[in-house]
Amino acid sequence: MARMDRRDFVGTVSMAGLAGLAARDASAGAVPAAEQSSAGIEVGANVTRRLAAYIVGAKYDALPAGVRKEAQRTLLNWMGCAIGGSRHETVDAAIAALSPFSSAPQATILGRRERMDTLHSALINGISSHVLDFDDTHLRTVIHPAGPVVPALLALAEHQPMSGRDFVNAMVVGVETECRIGNAVYPAHYDRGWHITGTAGVFGAAAAAGKVLGLSEQQMVWALGLAATQPVGLREMFGSMTKSFHPGRASQNGLTAALLASKNFTSTDVALEGKSGWANVLSTTRDYKQITEKLGASYEIAINTYKPFACGVVIHPAIDACVQLRNEHHLTADQIERIDLRVHPLVLELTGKKTPATGLESKFSVYFAAALAIVRGSAGFNDFSDQNARDPVIVSLRDRVTATIDPAIKEEQVRATVVLKDGRRLDKFIEHVVGSLERPMSDQDLETKFSGLVDGVLPPAQARRIMDSCWKIEGIPSVAEFAKGAARA
């Protein structure tokens, strides 16, 4: 992967990698109630309780080395996104609105001087981590796993003792919980218009927080029930500040669920699988085996991915193609007659905004993204700005971009053709986008991305200490001190 200036290093996931993404197969349909698993248990039986039993019993020592390493990478990526996002106007607005109602300065707001109460801290840090659209992505479900889970844990760490080992184990359990639940209902749930990071993420936050709180199996069942009754996130909000509210509220709601359950606040025992439970109400299909099979034997965090472009993941292939064409042929906007893109249907469904007026809206415009990639040669968090959304050179080229659905193109692919004014046609096919499982970001890539995100927010020496702490998080005796170390002096 070509190196970019660290200020412009960007993030995503190609939607691909896993042949999984076979989740869009018809095979993810509803499971007949009487279907039996290999263990002879009805597939839809006791789903919530079986998941709760796994969460309560999960041990740090049972985590494979590769899973622990991916947890470190996930944390590093999330910390960079949260600290980098802390200066965004969205975070300013949220803090201004809610600070008067924060009960006490209990927990750190990353990258800032303010402190808020535990529940509001989880909310604000969740917003901050997602506002740049630069955070990690679970390719099969397009969930951003760390967004709801890590803010809840960091906030809780300043309320009660939490070691690095406890933190890692809880984070892995939280990611496993939300992604498995997401696997069970994707894509039908997402296609209904739900933002799955919020709706499934609340379970991850509840599981992670409940793990650290030491909930019993019954209390964990209740925590999952309390999470189930608090879904948040509509895809209609994409392109506005509200999109980043979803993982923040999911984190806050999940932490609230765990705290209530810890005091024996009751809920149903069948929150996930009940007739009027979460899966049946929020999705037209569900596959409960995705939740319960191989618990503790396979880990969803092991297939987490990290963004090199700060925008909707489905347009990463188009950006990758246009950056490559620009660099290979030294292209400038005035040479180009038009840009033709052949894309997967989801690209136009999610990023079909033709005339975005703001930086946030431009993250969901494949037309803008392609033009930006040619004009700037990058697609970092600084590139998706209000100023660039109105830049006459980018806008003029944006209006010369076409995008056509091609059934043969997969979600992680694009076929881009640049037609020049001299009649030449330049083609580029992206099979696996940078940032995907096939073309993953290295540890050094993640450090470069982190440095670019926090540059101007925290001093270099402090940034280096945070990076080092992420790589050795399991050996840290107090996660509270780790969180406090990411505040602005």
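This one's a predicted model, so the numbers in the text were calculated from it and none came from an experiment. (Residues numbered from 1 in each chain as written. Predicted model: local features only at pLDDT ≥ 70, side-chain atom pairs only at ≥ 80, totals over all residues. Heavy atoms only, no water.)

Visitor: Help me get a handle on the environment of Ala227, residues and values and all.
Guide: As for its placement among the helices and strands, Ala227 is situated in helix α9 (residues 217-228). Owing to a relative accessible area of 0%, Ala227 belongs among the buried residues under this scheme. Between the C-alpha atom of Ala227 and that of Gly377, which follows or precedes it by 150 residues, the distance is 42 Å. If near-sequence neighbours (up to four positions away) are discounted, Ala227 is found in contact with Val202, Phe203, Ala206 and Ala257. (Helix = DSSP H or I, 4+ residues; strand = E, 2+ residues; numbered from the N terminus. Buried < 20%, exposed > 50% of the residue type's maximum accessible area, 1.4 Å probe, protein only. Contact = heavy atoms within 4.5 Å.)

Visitor: Which residues make up the pairing of strand β5 (residues 336-343), and what values do they have?
Guide: Alignment of β5 against strand β7 (residues 414-420), held across 6 bridges, turns out to be antiparallel. Note that in β7 the partner of Leu341 across the bridge is Ala416. For β5 and strand β6 (residues 401-405), the ladder comprises 5 bridges, and the chain directions are parallel. Pairing of Ile339 across the sheet is with Val401, part of β6. (Pairing = 2+ DSSP bridges.)

Visitor: Hey, could you go over the nonpolar core for me, with residue numbers and the actual values?
Guide: Within the largest apolar cluster, 89 residues are counted, with the highest numbers of intra-cluster contacts made by Met79, Ile83, Leu154, Phe167, Met171 and Phe482. No other element matches the 11 residues that helix α6 (residues 164-185) contributes to this core. Ignoring any residue separated from it by four or fewer positions in sequence, one finds Met79 in contact with Leu110, Leu154, Phe450, Ile466, Cys470, Phe482 and Ala486. Formed by 59 residues, the second largest nonpolar core is a distinct cluster that contains Val314, Ala318, Ala321 and Leu372. (Core = buried A, V, L, I, M, F, W, Y, C linked by side-chain atoms within 4.5 Å.)

Scope: geometric values only; no functional claims are made or implied.
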